[in-house]
Each structure stands twice: as C-alpha cells, then as structure tokens.
Number of protein chains: 2
Amino acid sequence: MRIFVDAMGGDNAPQAPVEGAVEALRRYPEIEVTLAGVIPEIEKYLTNCDDVRSRITLLDAPEVITNEESPVMGVRRKTKSATVIGMLKLRDKEVDGFVSAGSTGAVLAGGMFRLGRIPGIERPALAPLMPNGKAHFLLIDCGANVDCKPEYLVQFGVMGDAYMRGVVGMENPRVGLINIGAEAEKGNALVKNTYPLMESAPYNFVGNVEARDITNDVADVLVADGFSGNLILKFMEGMAGTLMGIIKREMMADLRGKIAGLIAKPAFRRVKKLMDYTEVGGAPLLGVQGAVVKAHGSSNAHAFSCAIGQVIKMIDGKVVETIEKGVAALIPTEDA
Amino acid sequence: MRIFVDAMGGDNAPQAPVEGAVEALRRYPEIEVTLAGVIPEIEKYLTNCDDVRSRITLLDAPEVITNEESPVMGVRRKTKSATVIGMLKLRDKEVDGFVSAGSTGAVLAGGMFRLGRIPGIERPALAPLMPNGKAHFLLIDCGANVDCKPEYLVQFGVMGDAYMRGVVGMENPRVGLINIGAEAEKGNALVKNTYPLMESAPYNFVGNVEARDITNDVADVLVADGFSGNLILKFMEGMAGTLMGIIKREMMADLRGKIAGLIAKPAFRRVKKLMDYTEVGGAPLLGVQGAVVKAHGSSNAHAFSCAIGQVIKMIDGKVVETIEKGVAALIPTEDA
C-alpha cells in the first residue's frame, strides 16, 4: 500500500509530516510512503530512521499552495505543489492514499479538479469524526459546501454511512439530519426538503437530530450543510475551551478549589483527551475517487501518523467503492 | 407600569407564573400585574400575598394555545387565550409589557398578527442573552426566522443594538455577524450578502465572528439567521451538559477524583450558575410594537420574576422606541 504525504503542509511542516510518516511506517509494515516537498528540507528530519528508510520515496514538489491564496487558482497554477502532484498520482493509481495538513481549500479543489468526483456524486464533503465522550460521530459536511441543495445532503448520508462501515466497522450506522426540532416538518427550507428524500435513501435514517442532542450519541453520522456543520465543529471547540477555562478560573478562585484542582488533575487530563478530536487523525474528504485525508493544520508528528492510519483504514475498508455503490443505489433510474 | 402575565403558559403553570408575579410585585413597587388564565386555578396560588394583592388584576382567559398545535391557527381561533388577549391589550396600550412561558410559536404569531411589527421591521426576532462566563451576549435570531434574507439580518443588528443600550446599559454595543471565517468574503450566500449591508448600518459593526469565538467576548450582539442561531443556542446547552457529565464521570472513576469532586463542589456550583442562561429571564421578542418577553418553558417562579424584571427594563430602556428610530435610519429614503 502506497501513501502519498504532503511534507510541506501544516503549521509544523516539514518536521511533523516527516516524523509522522516515519512513525506510521513503523506502525504499519504494509505501507510505503512518498514524501513530497522540498527535498533538502525533508531530509533534515530523516535522521534515525534507517529501519524504514527503504520504504520512503522522496519526490520534489517545490511549490506550496498557501491558506492566503485562492485554492482554485492555486491548484490551477501551482502544478509543482504536493497537492496537485499527489492528487494526480492518486487518480493514476500510482499511490493508494493521500494525506495533507495544508490548505483545506487546496485539498478540496485538488480533489474536485485533479482527482475527480465519484460518478454520481454532486459535491465531495469534509467529514471529521467528533467525540461525544462515549463514542465518535461523523459530522458531514463541515465546510466544503457552504450552500447546499437537498440532493447534496442525501448523498452526504451515503458517504457517511460508507465511512462508518468501512473505517469504524459499524454494521448499520444511524444517519441523522441536524435540525432545530425533532419533527419532520421542522427546520429551514433546506432540511425540510431533505427529510423526505432521506427517508427513502438506502441507509438507516433515524430522522432529525436537535442540536442539544448532537453529543448525546443518538446518531453515528450527522448530516448538515457545510455552513451549519462548520459552525458546530468550531463552536464545539470554542465552547469546550470556554467551559474548561471557567472551571479552571472558578477552581483557582479559592484555596479549596485549588486543592481540588490539584487532586483532580488526572481526571481532567482524561477529559481533555476524550474531547480531543485531533486524536482520530483528520477529516476525510469523501466523494472523490480516492482515499484522501485532510489532517488538522496544527497536527504534530503523532496526529499526522494517526491521519496516515486513517487513510489506511479508508483503503482497507473500501470506502470509495462503497460510496460508489451507495450513490448508484440512490440515483433514480431515469434511463429505465 | 402594568405587566400582563400569561398565567397558563410553561411547564410549571399556573404555579410558577403566579408565584413569580408575586415575587416581582414585591421586588418592583412601581408595577401592577394582570394575571390571565383560568381564575380558580390562579387563585389557588394567591395565598400569602396580601401585601401585593391589591396590585393584581385577574383576567379570565380559559383557552390555551399548546405546543402541539399550529401557532398561527391557534392565535386565529383561540381568541380567549392569554396570548391573544395580552397582545391585544399591549397593542391598545392597556398594558405596558407582556410575559409568557407558553408556546414560542404562539408568542411569535401573536406578536406578528395581533400586536404588530414596528413600521419598517421585516421580521421580529427572538434574542436571548447568553452567558460566556465573563459577560453576556445577545444572540439574535434564535429561531423565529429559519429562512432569512440579508435585510432581516441587518435589522437584527438594529434590534440587538437597541436592546443592549436600553436594557443592559451599553454605550456602543459591538455587533458581530456569525460566520465560518473572519474575512468579509467568507460564508454562505446569506452572510456574504449581509456583510456589506452591515458595514453601512447605523451601529458598531465589528465584522464576522467565527463560531469558535462566540463565547470569547468579541461582540455584544451576535447576529445569525434563526436556523443557525437556534443550532448554537441548543448546542451550547447540549455541549455544556455533555462536558459536565464527562467531567463528573471521570472524577467519579477513582477515589482521588471523588475526593476532588467533593472539595470542588462550591466551584462547580458557581460554574453552573455562570452558564445558566435561564438566570437572565427569557428571550425578548424584538421588532414588535411592545415589550414582549418569552420566558423559558421550564421557568420556575424565580425565573419568571426575572423575566418580568426584564420586560420592565425593556419598557424603562425604551427599546421599542430605539428600534423604531434605528430602523428609520436604516431605510434608504426612497421617497427623497
């Protein structure tokens, strides 16, 4: 199995991607890794890895698409960037999976225009696994498509279902639609029109999920338009930080609380780890013709190796093939 | 000052509204209260209040619009409900303020069709004050308008600005637009089209606010369409509950944590109180021609008295008049 790694993407590049790749090579003996980027920069961090060095290929990719430029223009112009080179190699089956912690927009644009969509898929979507303290749920879409049509959301359900089956190993994932009420007639025009379509979709649709139940383990796949999904993703991060900050402040306000805080440190450390969504790796880009994972921009080496582990599971779990079949089952046979 | 109270609305009616009204009458010597509902039911809880009894008027309103029926039909048909009677009395200046913990939809419909909108206002909005641990921010709209146009959102800014000036006493409230990115060109079609209109609106527009910053005290008024606003309101509730549950579970997992939990009890109690958004009363319905507060359905007597306190502040702070002026300043003088 050959994994393509963008060595120049993310806040801690190239160190984190390179060291993360080495960690992954040790963990997964079945893989080979292509590290793409500025070769002398990559080589700096390839010390002490003689045990896996023979499974690493270096590939010159001197250009980087930054967060500041237009992703579509970046993908069009920077043909020597890891993003573009990797997507083309994935398309041509020269590699089996792609991981980058670089510009999300560039990964999206590269996936759309260089790798290509799965036939029948209208819009690929980003879908991170989010913690709820007990298990994880897949939030799809979390930002790739800010303006959606009901058809997109129905397909997000197909993609999420395929991911939870293939990667998490679930038999019959519960697919819910994020809404402001539980009843079928609730919501804005988008979700109201989506609901009946989901009812007849080929997955286990469990109905609307109110925002207050998002973290209550009532569904395994939570479908939303990319604007709402991104609000939830980011608000979860912000709220957790705010609440932990308030707890800390209130505990530090008196001696009693300070002592309690000291004793409770291991418990708080467990809570933090439980709610840390970077632990699972990154967000898969679903709906494109290959296994693509967008790692968190702030990924360290370990998070990066997790993202590589995730793309391996996507390949092993045949997520792309399952989506292909699912979307084919979804399309009304107009030709018939 | 005369406050109209729907004595039959909410999970704990008529006890909570009646006892809450009595509490408010003791706290605010300047008010008189009309309690509307099934009079014998109300009278059951009017014991031990001889000190304020002379300032209470009972009004027969035998019908109740429930959460299960269509609010618009309910308002049309149930002319003997407290909601309809109260809104008409407010319109006719027989009372100065209105409080109900009943069906949100009925309060909205009653406000729109019986009380009426402020001239120039396209859509009234529900706007609860939310805690961030340090201060409160006004979230507008949180569910009255699930499908919005840019013009509505711009007006929500006017309403929120008026509320924070009149009720909270702020001089120059910061008005932010909830979005998935900080840059002006980010977001879905709705917010992208709203941004330039807000830039020229007669309030202190501070730009886009990312969801991760919602609780970081970067704006006093946070504007969103009612779908997104409701997601945030409910998700905040759900997330706080989930996170506190996880903390509790992890602390109870070993003796060390249990001891810490015991010692930290007062600190946790303070945190809970800080994050309890029912403490501030309820959500004002802004944009209608009178002071209307929708109290939380689960309000107890104290929460109800807070909601009455809130409607008093709206009257004193001339919120309706300020919105009227604000929206007039907003409308392009097409006649000119």
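The preceding data block contains the structure.
My aim in this report is to walk through the structure given alongside it, one point at a time.

The rules we used
- Residues numbered from 1 in each chain as written.
- Chains lettered and ligands numbered in written order.
- Predicted model: local features only at pLDDT ≥ 70, side-chain atom pairs only at ≥ 80, totals over all residues.
- Heavy atoms only, no water.
- Contact = heavy atoms within 4.5 Å.
- Buried area = accessible area lost by both parts, 1.4 Å probe.
- Salt bridge = Lys/Arg side-chain N within 4 Å of Asp/Glu carboxyl O.
- Polar contact = N/O pair within 3.5 Å; in protein donor to acceptor, adjacent residues only side chain to side chain.
- Helix = DSSP H or I, 4+ residues; strand = E, 2+ residues; numbered from the N terminus.
- Nonpolar A, V, L, I, M, F, W, Y, C, P; charged D, E, K, R; others polar.
- Phe/Tyr/Trp six-rings, centres within 6.5 Å; stacked < 30°, edge-to-face > 60°.
- Buried < 20%, exposed > 50% of the residue type's maximum accessible area, 1.4 Å probe, protein only.
- Pairing = 2+ DSSP bridges.
- Axes fitted to C-alpha atoms, helices over the stretch in contact; angles between N-to-C directions.
- Parallel < 35°, antiparallel > 145°, perpendicular 65-115°, else oblique.
- Left-handed = near helix turned anticlockwise from the far one by under 90°.
- Least-squares fit on C-alpha atoms with pLDDT ≥ 70 in both.
- Patch = residues over 30% accessible without salt bridge, like charges linked within 9 Å, V, L, I, M, F, W, Y side chains within 5 Å.
- Areas by Shrake-Rupley, 256 points an atom, 1.4 Å probe, with all protein chains shown as cover.
- Lys, Arg positive; Asp, Glu negative; His and termini not counted.
- Charge placed at Lys NZ, Arg CZ, Asp CG, Glu CD.

### Re the interface of chain A and chain B
Right, on to step 1. On the side of chain B, 53 residues touch chain A, which itself brings 53 residues to the contact.
Right, on to step 2. Here chain A packs against chain B, burying approximately 4900 Å² in sum over the two surfaces, 71% of which is carbon and sulfur.
Right, on to step 3. If you sort the residues of chain A by the area they bury against chain B, Ile180(A), Phe227(A) and Phe235(A) come out on top, with a joint share of 15%.
Right, on to step 4. In this assembly, chain A and chain B are joined by eight salt bridges.
Right, on to step 5. Along the contact surface separating chain A from chain B lie 14 residue pairs in polar contact (both at pLDDT 80 or more).
Right, on to step 6. Breaking the side of chain A that touches chain B down by element, the ones donating at least two residues are strand 8 (174-179), helix 7 (189-199), helix 8 (226-251), helix 9 (255-263) and helix 10 (265-274) of chain A.
Right, on to step 7. Counting residues per element, the side of chain A that touches chain B draws most heavily on helix 8 of chain A, at 20 residues.
Right, on to step 8. Class assignment of the residues belonging to the side of chain A that touches chain B gives a composition of 31 nonpolar, 11 polar and 11 charged.

### Comments concerning the side chain of Asp225(A)
Residue and element names in this part refer to chain A.
Right, on to step 1. If you trace the backbone, Asp-225 turns up in the loop between strand 10 (221-223) and helix 8.
Right, on to step 2. One polar contact links Asp-225 to Ser-228, side chain to side chain, over a distance of 2.7 Å.
Right, on to step 3. Sequence-distant contacts of Asp-225, that is, excluding residues within four places in its chain, are made with Asp-141, Asn-145, Val-146, Cys-148, Leu-153 and Leu-190.

### Considering unusual backbone geometry
Apart from glycine, the bulk of residues carry a negative phi angle, and the bulk of peptide bonds sit in the trans form.
Residues and elements named next belong to chain A.
Right, on to step 1. The residue after Ile-140, namely Asp-141, is reached through a cis peptide bond having omega 0°.
Right, on to step 2. Mapped onto the elements, Asp-141 comes out in the loop between strand 7 (136-140) and helix 6 (150-166).
Right, on to step 3. Here the phi dihedral of Lys-318 falls at roughly 50°; this positive angle occurs in a residue that is not glycine.
Right, on to step 4. Structurally, Lys-318 can be placed in the loop between helix 11 (301-316) and helix 12 (319-330).

### Details of the packing of aromatic side chains
Right, on to step 1. Considering all chains together, one arrives at five aromatic pairs over all chains under this definition.
Right, on to step 2. A centroid spacing of 6.2 Å and a plane angle of 50° characterise the contact between Phe235(A) and Phe235(B), whose relative ring orientation is tilted. Highlighted residues: Phe235(A) in helix 8 and Phe235(B) in helix 8 (residues 226-252), drawn from two different chains.
Right, on to step 3. Using a relative accessible area of 1% as the deciding quantity, one classes Phe235(B) as buried.
Right, on to step 4. Judged by centre distance (5.2 Å) and plane angle (75°), the rings of Tyr195(B) and Phe205(B) are edge-to-face. Taken together, the positions of Tyr195(B) in helix 7 (residues 189-199) and Phe205(B) in strand 9 (residues 204-210) put the pair 10 residues apart, joining distant regions of the chain.
Right, on to step 5. For Phe205(B), a relative accessible area of 16% translates into the label buried.

### A word on the environment of Asp147(A)
Right, on to step 1. The topology assignment puts Asp147(A) in the loop between strand 7 and helix 6.
Right, on to step 2. Take Asp147(A): its relative accessible area is 42%, and that puts it in the partly exposed class.
Right, on to step 3. With 97 residues separating them along the chain, Asp147(A) and Met244(A) place their C-alpha atoms 33 Å apart.
Right, on to step 4. A polar atom in the side chain of Asp147(A) sits 2.9 Å from the backbone nitrogen of Ala189(B).

### Comments concerning the sheet that holds strand 11 (residues 282-286) of chain B
Residue and element names in this part refer to chain B.
Right, on to step 1. One open sheet accounts for seven strands, arranged 3-2-1-4-12-11-5; its pairing is mixed. Edge strands, defined here as strands with exactly one partner in the open sheet, are strand 3 (56-60) and strand 5 (125-126).
Right, on to step 2. Summarising the sheet, strand 4 (residues 97-100) and strand 12 (residues 291-295) pair through four bridges and their orientation is parallel. Along strand 12, the bridge assignment pairs Gly-97 with Ala-291.
Right, on to step 3. Packing of helix 1 (residues 15-27) onto the sheet brings it into contact with strand 1 (2-6), strand 2 (32-37) and strand 3, and relative to strand 2 it is tilted by some 175°.
Right, on to step 4. On top of the sheet, helix 6 (residues 150-166) reaches strand 5 and strand 11; it is set at about 125° to strand 11, its chief contact.

### What about the pattern of salt bridges?
A side chain with one charge may pair with a side chain of the opposite charge, provided their charged atoms come close.
Right, on to step 1. Following the criterion strictly, the structure yields 34 salt bridges over all chains and no others.
Right, on to step 2. A salt bridge links Glu94(A) to Lys89(A); the nearest nitrogen and oxygen atoms lie 2.7 Å apart.
Right, on to step 3. Note that Glu250(A) is salt-bridged to Arg249(A), the shortest N-O span being 3.3 Å.
Right, on to step 4. Judged by relative accessible area, Glu250(A) falls into the buried class, the value being 11%.
Right, on to step 5. Each of Glu210(A), Arg212(A), Lys234(B) and Glu237(B) takes part in a single network of salt bridges with overlapping partners.

### Comments concerning the sheet that holds strand 6 (residues 129-131) of chain A
Residues and elements named next belong to chain A.
Right, on to step 1. With mixed pairing, five strands are arranged side by side in an open sheet as 6-7-10-8-9. This sheet does not close on itself; its edge strands, each paired only once, are strand 6 and strand 9 (204-210). Averaged over neighbouring strand pairs, the angle between their axes works out to 35° when direction is ignored.
Right, on to step 2. In this sheet, strand 10 lies alongside strand 8 in parallel orientation, the contact comprising three bridges. Within strand 10, the residue paired with Leu-177 across the bridge is Val-223.
Right, on to step 3. Set on the sheet, helix 7 makes contact with strand 8, strand 9 and strand 10; between it and strand 8 the angle comes to about 165°.

### Comments concerning helix 4 (residues 82-91) of chain B
Right, on to step 1. For helix 4 of chain B, the buried fraction is high: seven of the 10 residues fall into the buried class.
Right, on to step 2. Taken as a whole, helix 4 of chain B has its buried residues at Ala82(B), Thr83(B), Val84(B), Ile85(B), Gly86(B), Met87(B) and Leu90(B).

### Some points on the packing of helix 6 of chain B against helix 7 of chain B
Residues and elements named next belong to chain B.
Right, on to step 1. Helix 7 packs onto helix 6 with a crossing angle of 50° between their chain directions and a minimal axis gap of 8 Å. Judged by the inter-axis angle, helix 6 sits oblique to helix 7. Both helix 6 and helix 7 take part in a crossing whose hand is right-handed. Contacts between helix 6 and helix 7 pair Pro-150, Glu-151, Leu-153 and Val-154 from the former with Leu-190, Asn-193, Thr-194, Leu-197 and Met-198 from the latter.
Right, on to step 2. Looking at side-chain class alone, the contact of helix 6 with helix 7 contains six nonpolar, two polar and one charged residues.

### Regarding the relation of the copies chain A and chain B
Right, on to step 1. At an RMSD of 0.0 Å, chain A and chain B line up after a rotation of 180° and a shift of 0.0 Å along the axis. Viewed as a symmetry operation, the transformation between the two copies matches a two-fold axis. In terms of proximity to the rotation axis, the leading residue of chain A is Ala260(A), whose C-alpha is 2.2 Å off the axis.
Right, on to step 2. Taken together, the interface assignments show that 100% of the residues at the interface of chain A recur at the interface of chain B, consistent with an identical surface on both copies.

### Observations regarding the side chain of Asn179(A)
Right, on to step 1. Turning to its location among the elements, Asn179(A) is positioned in strand 8.
Right, on to step 2. Its relative accessible area of 0% is what places Asn179(A) among the buried residues.
Right, on to step 3. A polar contact is formed between the side chain of Asn179(A) and the side chain of Asn208(A), at a distance of 3.3 Å.
Right, on to step 4. Those residues within four positions of Asn179(A) in sequence are excluded, and the remaining contacts are Lys186(A), Gly187(A), Val191(A), Asn208(A), Val209(A), Glu210(A), Ala211(A), Phe227(B) and Leu231(B).

### A short note on a positive patch on the surface
Right, on to step 1. Taken together, the side chains of Lys248(A), Lys265(A), Arg269(A), Lys272(A) and Arg256(B) make up a positively charged region of the molecular surface.
Right, on to step 2. Top element by residues in the positive patch is helix 10 of chain A. It accounts for three residues.
Right, on to step 3. Along the chain, Lys265(A) falls in helix 10.
Right, on to step 4. Relative accessible area serves as the criterion here: at 48%, Lys265(A) is assigned to the partly exposed category.

All we've got here are geometric facts, nothing functional implied.
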